[in-house]
Amino acid sequence: MKEDRETKEKLIASAKAEFMEKGYAKASLRKICANADMTTGALYFFFDNKEDLFRAIVEPPLTMLVNMMQEHFQEDKDMLSLPDVYEHQEGDHDDIAELLIHHLYQNYDIFILLLTKSQGTAFEDCLDRIVDLTEKQFAISAEKFAIQTAGQQPNSYLIHWMAHMTIDAFIHLLTHEKEEKNAIRQMKVIMNFIVKGFTEMISFPVKQ
């Protein structure tokens, strides 16, 4: 059992390096096995094919990221279900900003793989799916927020734009800022900006 685990870990480490260097489409299973001092038979004992190997690398951190986002969105929905109208306070979303940034940087190479090297896999549209998830949750929150503010209705175009802007902010930090602590500091400022804009501009007066 221990030997199987170590063999699988060596294959994953070798595959990660190969995918990072060449991207999924040009990565060679033979090269992955050779660099891990394994046979291709050993690889197929653990993985169905090249995409299954890629999935084993990227899916766990991606799933964890999505779960973190969904938990946060649920907290926002629960808060907006309370009778009191939500009023944004600076720092309200510092915790989620730090949590997400930390997760991204703890799995830096894997998320770079997803963003830049996943063409040809089932994960090549993962960014679009995360934006769609964010937009749907923003729309739900906007609807609840509009109910709290009489005479308002959600601004669907702005919801769409803010969903893209929010995810783009995380990507920009991940690809331009090497230091996690600096990324966290900047993301807290960005989140304050986004949440304030959301609460002030996400809805507009209903036409009479």
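Shown above is the structure to which this text applies.
Residues numbered from 1 in each chain as written. Predicted model: local features only at pLDDT ≥ 70, side-chain atom pairs only at ≥ 80, totals over all residues. Heavy atoms only, no water.

Engineer: How do you make sense of the packing of aromatic side chains when you look at a structure like this?
Structural biologist: What characterises a pair of aromatic rings is the spacing of the ring centres plus the angle enclosed by the ring planes. Inspection of the entire model under this criterion finds eight aromatic pairs. When the centroid spacing of 6.4 Å and the interplanar angle of 50 degrees are considered together, the rings of F46 and F47 count as tilted. When its relative accessible area of 3% is taken as the criterion, F47 is described as buried. Ring centres of Y105 and Y108 lie 6.1 Å apart, and the angle between their planes is 40 degrees; this geometry places the pair in the tilted category. (Phe/Tyr/Trp six-rings, centres within 6.5 Å; stacked < 30°, edge-to-face > 60°. Buried < 20%, exposed > 50% of the residue type's maximum accessible area, 1.4 Å probe, protein only.)

Engineer: Hey, could you run me through empty space enclosed by the protein in this one?
Structural biologist: If a probe as big as a water molecule is rolled over the atoms, it shows which places are left empty. Scanning all chains against the criterion turns up one cavity of 30 Å³ or more. Considered as a void within the structure, the largest cavity measures approximately 570 Å³ in volume. Lining the largest cavity are 33 residues, and of these M69, F73, T134, T166 and F170 lie nearest its centre. Secondary structure elements with two or more residues in the lining of the largest cavity: α4 (50-80), α5 (94-106), α6 (108-116), α7 (126-148), α8 (156-176) and α9 (180-201). Among the elements that make up the lining of the largest cavity, the one with the highest residue count is α4 (eight residues). Of the residues contributing to the lining of the largest cavity, the split by class is 26 nonpolar, six polar and one charged. (1 Å grid on protein atoms, 1.4 Å probe; cavity = no way out; pocket = protein on both sides within 12 Å on 5 of 7 lines; lining within 4 Å. Points joined across faces, edges and corners; volume = space filled by probe spheres on them. Helix = DSSP H or I, 4+ residues; strand = E, 2+ residues; numbered from the N terminus. Nonpolar A, V, L, I, M, F, W, Y, C, P; charged D, E, K, R; others polar.)

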